[in-house]
Amino acid sequence: MVLLVLGFAAAVGFHHWQNAGSGNALQEIGAELGLQYEEVSQRRQLRGRIDDIGVSVETTTENRGGDTHWFTDFEISAPDQPHVRIVGASLRQKAIGGLQGEEWLETGEPAFDDAVLIKGDPEEILGRLTEKTRPAIQSATEAGWELDALTWKARESGRMTNAAKIRTILEAGLAAARALQETKGAAVSTATTQDRPMNGPADTTANPFPDSASSTDDLEALAAVNTPRSLDAALRLAKAGDLRQEVRNRLLLPLFPESDWKR
């Protein structure tokens, strides 16, 4: 009986310590970033904006098999995010096994493609995966972030009491959101019939933007076909406004099986 009483007292003490600790950690981060801290019953939350980005951090609960489990949920709502799904490869294995049969886009950068899974319209995202945005996105997914329905979300088990760790997770998500904001307008667009001359067929070989800053080295790199170098070249050309057919073909290449483009 004594052991039961001591065990119960220890559990209650740990509960109150964790509850207070999460509140202190969130208050510290809120003061640093200018976010509003609130307490609702035993739940703690931060809400507010950092520049034009909405930020939320809150403790939440789920009932699983009659037991209450606590989590710390992060959410970032930033303008100009692509309407695609981005998750870390480990999340696919551990949390979304039901999606294993889905087809994911490939950028041609092996290290990035092994670590990050992307699903959506290639024209909306491939042109935005630059040398700057790829590391930021990969770091965010490694920190537990995923992008879905234009919103970045992350979840940590338990009520976090370490302000430094909360800050690290937030910074990773904010960096990814800001990196994608900066690439607005860099998405690849496919020519439509409205883009073509009314008289005669469309010219699929000439550069539709002859005055764009097309690098000779980048144009030559396109000939390397399915290599990271040719993809980087195509991304730079597309961002500069050069949407010639060779650029489109290279950006869309990851969507087709290797046997097709080798024919």
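Residues numbered from 1 in each chain as written. Predicted model: local features only at pLDDT ≥ 70, side-chain atom pairs only at ≥ 80, totals over all residues. Heavy atoms only, no water.

Attention now moves to the overall build of the protein chain. Regarding its fold elements, the protein chain presents ten helices and eight strands. For the protein chain, contacts bridging at least 24 residues in sequence account for 62% of all contacts bridging at least 6. (Helix = DSSP H or I, 4+ residues; strand = E, 2+ residues; numbered from the N terminus. Contact = heavy atoms within 4.5 Å.)

What follows deals with the pattern of salt bridges. This model, assessed by the stated rule, comprises 13 salt bridges. The shortest N-O distance in the salt bridge between R85 and E146 comes to 2.9 Å. Note that R85 is positioned in strand β5 (residues 85-88) and E146 in strand β7 (residues 146-148), a separation of 61 residues in sequence. According to the relative accessible area criterion, E146 is partly exposed, its value standing at 23%. One salt-bridge network, in which partners are shared between bridges, spans E62, R64, D73 and R155. (Salt bridge = Lys/Arg side-chain N within 4 Å of Asp/Glu carboxyl O. Buried < 20%, exposed > 50% of the residue type's maximum accessible area, 1.4 Å probe, protein only.)

This part takes up the environment of T60. For T60, the position within the fold is in strand β3 (residues 53-64). A C-alpha to C-alpha distance of 8.4 Å links T60 and R44, two positions 16 residues apart in sequence. T60 has contacts with R43, H69, W70, F71, D73 and R155, leaving out every residue within four places of it along the chain. Among the polar contacts listed, one links the side chain of T60 to the side chain of D73, at a separation of 2.8 Å. (Polar contact = N/O pair within 3.5 Å; in protein donor to acceptor, adjacent residues only side chain to side chain.)

So, on to the confidence of the model for the protein chain. Atom-level detail of predicted coordinates should not be read off regions where pLDDT is low. In this model, the protein chain carries a mean pLDDT of 78, and residues with pLDDT of at least 70 account for 70%. Contacts from residues 189-213, a stretch scored under 50 in pLDDT, to residues over four places away or in other chains number 24 contacts. Contacts for the low-pLDDT stretch residues 258-263, under 50 throughout, to residues beyond four places or in other chains number four contacts. (pLDDT = per-residue confidence, 0-100.)

By the secondary structure assignment, I76 is in strand β4 (residues 67-77). Overall, the relative accessible area of 0% leaves I76 in the buried class. Counting along the chain gives 78 residues from I76 to A154, while the straight-line C-alpha distance between them is 9.0 Å. Residues in contact with I76, not counting those within four places in the same chain, are I53, G54, W145, T151, W152, L170, G173, L174 and A177.

Further remarks concern the nonpolar core. The biggest cluster of nonpolar side chains holds 39 residues, and the ones touching the most others in it are F74, I118, W145 and W152. The element contributing the most residues to this core is helix α6 (residues 163-182), with nine residues. Counting seven residues, the second largest nonpolar core, distinct from the first, contains L231, L237, A238 and L251. (Core = buried A, V, L, I, M, F, W, Y, C linked by side-chain atoms within 4.5 Å.)

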